[in-house]
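Observations on the model geometry
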Amino acid sequence: MAQAKTNNEDYLRMYRQMVRIRTFEDNANQLYLSAKMPGLTHMYSGEEAVAVGICEALTDDDRITSTHRGHGHCVAKGAEFREMFCELLGKQEGYCRGKGGSMHIADQAHGNLGANAIVGGSMGIATGSALRAKLQKQDDVTVCFFGDGATAQGLWYEVMNMAALWKLPVIYACENNGYSEYTKTDEIAAGSITARAEAFGIEAFKVDGQDVLAVNELTQKLVARCRKGEGPFFIELETYRYHGHHVGDINREYYRSKDEEKVWKENRDPIIRFRSWLVNEGIVSEEEIEAMNAEIEQDATKAVAYAEAAAYPDVSEVDMHVYAD
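Per-chain numbering applies: the sequence of each chain, read as written, is numbered from 1 onward. Reporting of local features is limited, given that this is a predicted model, to residues whose pLDDT is at least 70; pairs of side-chain atoms are given and counted only at 80 or more, and all residues count toward the totals for whole chains, interfaces and linings. Processing note: side-chain calculations cover all non-hydrogen atoms of the structure and skip hydrogens and water entirely.

**So, the overall build of the protein chain**
To be explicit about the condition: The secondary structure listing takes helices from DSSP runs of H or I that are at least 4 residues long and strands from runs of E that are at least 2 residues long, numbered from the N terminus. Between buried and exposed lies partly exposed: a residue is buried under 20% and exposed over 50% of the maximum accessible area for its type, with that area taken using a 1.4 Å probe on protein chains only. Here, two residues are considered to be in contact whenever any of their heavy atoms come within 4.5 Å of each other. The method behind every accessible area is Shrake-Rupley, applied with a 1.4 Å probe, and residues are considered shielded solely by the protein chains displayed. Under the counting rule used here, the positive set is Lys and Arg, the negative set is Asp and Glu, and His together with the chain ends is not counted. Lysine's charge is taken at NZ, arginine's at CZ, aspartate's at CG and glutamate's at CD.
When helices and strands are counted, the protein chain shows twelve helices and seven strands. The buried share of the protein chain, taken over its 325 residues, is 53%. Of the contacts formed within the protein chain by residues at least 6 apart in sequence, a portion of 73% connects residues at least 24 apart. Accessible surface for the protein chain amounts to roughly 14500 Å². Of this, 50% is attributable to carbon and sulfur atoms. Put simply, the protein chain has 34 plus and 51 minus side-chain charges, and the middle of one group is 2 Å from the middle of the other.

Rendered as structure tokens:
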């Protein structure tokens, strides 16, 4: 972890946001297991330092695009528990009036252009957003989150080429959690992932995705450079998902060992690592951390209860937002 104590308030907010993501996912998993949530969802647990480290370097004017594993990005970019749980349960008070569900949450107020169920599907959207910023002479930056599996999509190479030619303010953030669904990344991605971006003349970086301060420090530098017209950039973030590919992927031993999962959870957990650093640096006490954790847990419990009791959309909404008025 970085040594400099520059802004304790920022550090505590980063810790809080990581715990909010983990707590949201724990509750979402329970909703699935208790058959209260329709459809599948994909847990972000274990990858919290990526979303938080990056999104804490952005403003509400900066945009992000997300993925099928998108809850972490939503929370990190400012989404509220209540509207998110409503969306997961198909309720009208959800971010997309209950029609998007887990994989299609968008939160325009905080610059979240939306999660996307298509692997790599938001790469064009993010690059288009950056082109819009350049054409309108705005200084906002767009971050495109995607997984290692999405680097096999041809769209990525097309948009990186355009972004490099036009010097667009976009940061491509590859969350490499070691697996593309049920297959090891090493078995599907030849060569170096960063070298793929470098082939287009794009500066590429690799960072420990379990170290929120390292992720945040790098992102702050790249965002500042993007605002000066020096983009695009590419980051490969080495991270790990604790759950399976989706909530129904429970018996994973045929493609991933329990020992491997144990090592990551016990030795490389981003929340435990950051908590230890905060306490060792004297920024916060163990008691204060426990109180914060309990408060977040209570917030989530209340939000789930609210969402369970909330109303479904009226049947008259079935064709709302399908066509332009």
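**Structural notes on the sheet that holds strand S2 (residues 142-147)**
What counts is decided by this rule: Two strands pair under a simple rule: DSSP has to find at least two bridges between them. Angles run from 0 to 180 degrees between N-to-C directions of axes, and those axes are lines fitted to C-alpha atoms, restricted for helices to the stretch in contact.
An order of S1-S2-S3-S7-S6 is seen for the five strands of this open sheet, with the pairing classed as parallel. At either margin of the open sheet sits one strand with a lone partner, and together these are strand S1 (63-65) and strand S6 (203-208). Pairs of neighbouring strands in the sheet enclose a mean axial angle of 20 degrees, with direction left out of account. The pairing of S2 with strand S3 (residues 170-176) spans six bridges and is classified as parallel. Across the sheet, Phe145 pairs through a bridge with Ala173, a residue of S3. Contacts between helix H6 (residues 154-166) and the sheet are confined to S2, S3 and strand S7 (233-238), with S3 contributing the most and set at about 145 degrees to the helix. Contacting S3, S6 and S7, helix H9 (residues 212-227) runs over the sheet at an angle of about 160 degrees to S6.

**What to know about the pairing of S6**
Note that S6 and S7 share six bridges and pair parallel. Counted as the bridge partner of Glu203 is Phe233 from S7.

**Things to note about unusual backbone geometry**
Working note: non-glycine residues mostly have negative phi, and peptide bonds are mostly trans. Cis geometry marks the peptide bond from Gly231 to Pro232; its omega dihedral reads 0 degrees. Turning to its location among the elements, Pro232 is positioned in the loop between H9 and S7. For Arg97, which is not glycine, the phi torsion reads 60 degrees and is therefore positive. On the basis of relative accessibility, which here comes to 30%, the residue Arg97 falls in the partly exposed class.

**Quick word on the side chain of Asn29**
Note on placement: Asn29 falls in helix H1 (residues 8-33). On the basis of relative accessible area, Asn29 is assigned to the buried category, the value being 12%. Not counting chain neighbours up to four residues away, the residues in contact with Asn29 comprise Met43, His243 and Val247.

**Some remarks on H6**
Applied cut-off: In this scheme, a helix's expected span is set at 1.5 Å multiplied by one less than its residue total. Throughout, the arc means the angular range of directions from the helix axis out to the C-beta atoms.
When the terminal C-alpha atoms of H6 are compared, their 19 Å separation across 13 residues agrees well with the 18 Å that a helix rising 1.5 Å per residue should span. For H6, the set of buried residues is Trp156, Val159, Met160, Ala163 and Ala164. Taken down its axis, H6 places every buried residue within 135 degrees of arc, on the same side. In H6, the exposed positions that point more than 90 degrees away from the buried face belong to Glu158 and Leu165.

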